[in-house]
Amino acid sequence: MIKQFNYKQFGSIDLAVYDNTAKSINTIEDHIKIIFIPQKYGIKVDFQEFSLPHDALLFVNPQVVIQPLKIDLAGAELIHFNRDFYCIEIHDQEVACDGILYNNVFEVPFIELDENQSKDIQKIITDIKSEMQSQDASTEEMLRILLKLIILKSTRIWKQQHQLAETEQHLDVQFLRKFSKLVEQHYKTHHTVADYADMLSITPKNLSKKIGLLSKDTPNDIIKNRIILESKRLLAHTSLSVKEIAYSLNYEDDAYFVRFFTKNTGTSPTSFRKQF
């Protein structure tokens, strides 16, 4: 079910009763998504498969391809919305669509929930589904409040799980978000650590040191992995030639791009595409 408020869209899908789920998720690919995933439920995010031991929330940007791995989707819920519905209204960037949950190149943004946290989130989802049935003039704002409540609670849980809840670590979190955002914005045109260090007005060595406090991956790994992910998406989901994909990622020499992709994935672009 989708609610339309002029250009603003908000929807809720019970994945247990929704037919052809993978296809239905892709029809709203331009929407931002939150998925509640019951424990041991299998899901594929782009090219990674996950089955988590606890209930979890997954935060998904537009264009990310999601595919359920089980026919039985009992308990799984999908909330989706466009940027007009939420982001324009928000002033606190930490819980906006460019916040850490939606702009994190370090990892797939799962929030694992303990029993009490899961009950809390499920209660909010129930309230959202109830509000979706309302025709009240305040429905739009109520849905936005409930949505923000999920994101606020999830951001708090994420920071606690990553031991970033202390006030003195606030700057580290801000730096992580800023670097994430820069990589997401510029990975097609800027491929080196020096490029991003220059944007952040620090040395490459200091950039590596600061990211090392927050991630097991180096800045170079993070930039490289984002380029590889986009390469895989284009190979799997478009008909662009390898040369066109290389050019779109700012590699003028497609042979160099082929070597780069093969070295980092263990297979050539052509062989990877044949899987799809």
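Preceding this paragraph is the structure being described.
Please read all numbers here as calculations on a predicted model, not as lab measurements. (Residues numbered from 1 in each chain as written. Predicted model: local features only at pLDDT ≥ 70, side-chain atom pairs only at ≥ 80, totals over all residues. Heavy atoms only, no water.)

Caption draft 1: Quick look at the overall build of the protein. If you tally the helices and strands in the protein, you get 11 helices and nine strands. When each of the 276 residues of the protein is scored for burial, the buried share is 47%. Counting only contacts in the protein whose residues sit at least 6 apart along the sequence, the fraction spanning at least 24 positions is 70%. Accessible surface, the protein: about 14600 Å² in total, of which carbon and sulfur atoms supply 49%. (Helix = DSSP H or I, 4+ residues; strand = E, 2+ residues; numbered from the N terminus. Buried < 20%, exposed > 50% of the residue type's maximum accessible area, 1.4 Å probe, protein only. Contact = heavy atoms within 4.5 Å. Areas by Shrake-Rupley, 256 points an atom, 1.4 Å probe, with all protein chains shown as cover.)

Caption draft 2: Up close: the sheet that holds strand E6 (residues 56-60). Across the sheet, six strands lie side by side as E1-E2-E8-E3-E6-E9; this open sheet has antiparallel pairing. Each edge of the open sheet carries a strand with a single partner, namely strand E1 (2-5) and strand E9 (110-112). For this sheet, the mean inter-axis angle between neighbouring strands, taken without regard to orientation, is 10°. In this sheet, strand E8 (residues 77-81) lies alongside strand E2 (residues 8-14) in antiparallel orientation, the contact comprising five bridges. The residue of E8 that forms the bridge with Ser-12 is Ile-79. Packed on one face of the sheet, helix H3 (residues 115-132) meets E1, E2, strand E3 (32-37), E6, E8 and E9 and runs near 120° to E2. Sitting on the sheet, helix H4 (residues 139-161) is in contact with E1, E2, E3, E6, E8 and E9, with an inclination near 75° to E9. (Pairing = 2+ DSSP bridges. Axes fitted to C-alpha atoms, helices over the stretch in contact; angles between N-to-C directions.)

Caption draft 3: Fine view of the pattern of salt bridges. One pass over the full model with this rule turns up 12 salt bridges. A salt bridge links Lys-153 to Asp-120, with the nearest nitrogen and oxygen atoms 3.0 Å apart. Taken together, the residues span a long stretch of sequence, with Lys-153 in helix H4 and Asp-120 in helix H3 at a distance of 33 residues. Residue Lys-153 is classed as partly exposed on the basis of its relative accessible area of 28%. Under the relative-accessibility criterion, Asp-120 is labelled partly exposed at 31%. Note that Glu-230 is salt-bridged to Arg-233, the shortest N-O span being 3.7 Å. Placement of both Glu-230 and Arg-233 in helix H8 (residues 219-237) is noted, with a separation of three residues, approximately one turn of the helix. Grouping residues by exposure puts Glu-230 and Arg-233 together as buried. One salt-bridge network, in which partners are shared between bridges, spans Asp-46, Glu-184, Arg-226, Glu-230 and Arg-233. (Salt bridge = Lys/Arg side-chain N within 4 Å of Asp/Glu carboxyl O.)

Caption draft 4: Highlighting the nonpolar core. Core analysis: the largest hydrophobic core is formed by 30 residues, its most contacted members being Phe-10, Ile-34, Leu-57, Phe-81, Ile-128 and Ile-150. Mapped onto this core, the elements with two or more residues apiece are E3, E6, E8, helix H2 (83-86), H3 and H4. Considering each element in turn, this core owes the most residues, seven residues, to H4. In this structure, Phe-179, Ile-227, Ala-236 and Phe-260 belong to the second largest nonpolar core, which totals 27 residues. (Core = buried A, V, L, I, M, F, W, Y, C linked by side-chain atoms within 4.5 Å.)

Caption draft 5: Layout of the sheet that holds strand E5 (residues 48-51). Strands sit in the order E5-E4-E7 across an open sheet of three strands; the sheet is antiparallel. Looking at which strands have only one partner, the edges of the open sheet turn out to be E5 and strand E7 (66-68). Averaged over all pairs of adjacent strands, the angle between strand axes in this sheet comes to 25°, irrespective of strand direction. When strand E4 (residues 42-45) meets E5, the two strands line up antiparallel, connected through four bridges. The residue bridging Lys-44 from the neighbouring strand is Glu-49, located in E5.

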